[in-house]
Amino acid sequence: QVVSSAGELAAAHPTGAFSLVVPGVTASAFDLARLVGGPTSPFEVKGRLSTLCSFFADDDRLLVIAKPFVDQSSADHALAWGLAYRGDRQLSVLLPVAVAEPSRLRAPWFAPSVRVLTYSKDQVDEPDPLTQIESIDRYRHWVEEAPAELGQQSSWIQPLLEWLRTVPAVEAVARNSYVAWHVHGRQVLKMTPGRNRLAIVAGVDAQSEFHGKEPTRVSLAGPAPDHVILQLIAATALAAADRLKGVDNSHVEHRLQALLNPALLGLNIWKREFPAWRPGSDRSAFIDFLAVDGRGQVNVVETKIGPDTMLVFQGLDYWLWCRANAANVGTAMHTSNTSPPMIHFV
């Protein structure tokens, strides 16, 4: 068959150009655009476009193709870039099949509709679009809260804990494996309980000096001696003072979150950095604030400093996650209100 078709091709008198597609080899962006029916003219716009995608357009259509071997984050950005530049065009996004799922879950919530197609090497497919109900159902990943507790080990550092109650602007934060204390969003003390051990890092946990200071690290197997308590207090106090004074002025978004008062948005109950789930990730995501207003309606508060290409998707993901896990969210936030969540972008 190969020889026969080659003979026919050699005897033909073509007026156009030929494109060779070898099975098992990833087609070029232009060939992929042709396989989905176009458009095939490069899209031109003032400014720069992402180099991780190829863009094709005509008067009525915009096609964004994520390049092969992009990671999940880059594939997610393809849909964001498409939405930013679609104008009045019909938008199609062509993604490697391994990283297409998050965009498929988000697509049902945009109007006008978005086509999400997939490819693997030289094979192109257009999966059936998900309904909004199917999209919500796939966000049903509840993240169990299991905050670490110091338990009996708290008696080992009781003077330190008593001193912490006097620190201005300090906030205790419990994670699955550790307990920490923050000042204006900066972690100044961290304790990780283990079996018969308590690991402590006082000060900013950096690899080297941070504003001329190094953290104090200790591992306790019993009550801390007085000199160790004083060392931990000193390192924590210096880090807290730098943060309050403005010497430590990085992590601006964390500072904003620490200074934000959700009560100004009419929210009576709130939990900061509430664990959630976003598609395309095997780790917990954290809602900046999950809150309840005076009517008992769940509110999502998302903060940002500067531009973020994924801002809308982040809010959408948390909104869908709250809807998919409404019963568990209601229990965690002590509300029976089943209305869809409200989103605040700050």
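Residues numbered from 1 in each chain as written. Predicted model: local features only at pLDDT ≥ 70, side-chain atom pairs only at ≥ 80, totals over all residues. Heavy atoms only, no water.

A. Structural context of the overall build of the protein chain. Summing up its helical and strand segments, the protein chain has ten helices and 14 strands in all. What you see for the protein chain is a C-alpha radius of gyration of 27 Å, clearly larger than the 20 Å of a compact globule of 346 residues, by over 25%. Here the C-alpha coordinates of the protein chain stretch approximately 95 × 50 × 40 Å along the principal axes. Put simply, the protein chain has 346 residues, and 45% of those count as buried. Taking the contacts inside the protein chain whose residues are at least 6 apart along the sequence as the reference set, 59% of them involve residues at least 24 apart. (Helix = DSSP H or I, 4+ residues; strand = E, 2+ residues; numbered from the N terminus. Rg over C-alpha atoms; globule rule 2.2 N^0.38 Å. Buried < 20%, exposed > 50% of the residue type's maximum accessible area, 1.4 Å probe, protein only. Contact = heavy atoms within 4.5 Å.)

B. Structural view of the nonpolar core. By size, the foremost hydrophobic cluster in this structure holds 48 residues, and its most contacted members are I287, L290 and W321. Ranked by residue count, the leading element in this core is helix α9 (residues 311-324), at eight residues. If we ignore the near neighbours within four places in the chain, the residues touching W321 are Y139, H141, W142, V143, F274, P275, A276, W277, I287 and V329. Grouped together as the second largest cluster of nonpolar side chains are 29 residues, L198, I200, V228 and A235 included. (Core = buried A, V, L, I, M, F, W, Y, C linked by side-chain atoms within 4.5 Å.)

C. Structural detail: α9. When the terminal C-alpha atoms of α9 are compared, their 20 Å separation across 14 residues agrees well with the 20 Å that a helix rising 1.5 Å per residue should span. Of the positions making up α9, those classed as buried are F313, Q314, G315, L316, D317, Y318, W319, L320, W321, C322 and A324. (Expected span 1.5 Å × (residues − 1).)

D. View of the environment of A148. Residue placement: A148 occurs in the loop between α5 (132-137) and α6 (158-164). Assessed through its relative accessible area of 11%, A148 is described here as buried. Taking the C-alpha atoms as reference points, A148 and S177, separated by 29 residues in sequence, lie 5.3 Å from one another.

E. Highlighting the sheet that holds strand β5 (residues 123-125). Read across the sheet, five strands follow the order β1-β2-β3-β4-β5 without closing on themselves; strand pairing throughout is mixed. One side of each edge strand has no neighbouring strand; the edge strands of this open sheet are β1 (53-57) and β5. The average undirected angle you get between the axes of adjacent strands in this sheet is 20°. In the sheet, strand β3 (residues 90-96) pairs with strand β4 (residues 114-120) via six bridges, with the strands oriented parallel. Bridge pairing in β4 places L91 opposite V114. Against the sheet, helix α3 (residues 72-85) engages β1, β2 (61-66), β3 and β4, with an angle of about 165° to β3. (Pairing = 2+ DSSP bridges. Axes fitted to C-alpha atoms, helices over the stretch in contact; angles between N-to-C directions.)

F. Highlighting the packing of aromatic side chains. On inspection of all chains with the given rule, the structure shows nine aromatic pairs. When the ring of Y139 is compared with that of W277, the centres are 5.6 Å apart and the planes differ by 80°; the resulting orientation is edge-to-face. In this pair, Y139 sits in the loop between α5 and α6 while W277 sits in the loop between β11 (267-276) and β12 (285-293), placing the two residues 138 residues apart along the sequence. Their ring planes at 55° and their centres at 6.4 Å tell us that W142 and F274 sit as a pair that is tilted. In this pair, W142 sits in the loop between α5 and α6 while F274 sits in strand β11, placing the two residues 132 residues apart along the sequence. (Phe/Tyr/Trp six-rings, centres within 6.5 Å; stacked < 30°, edge-to-face > 60°.)

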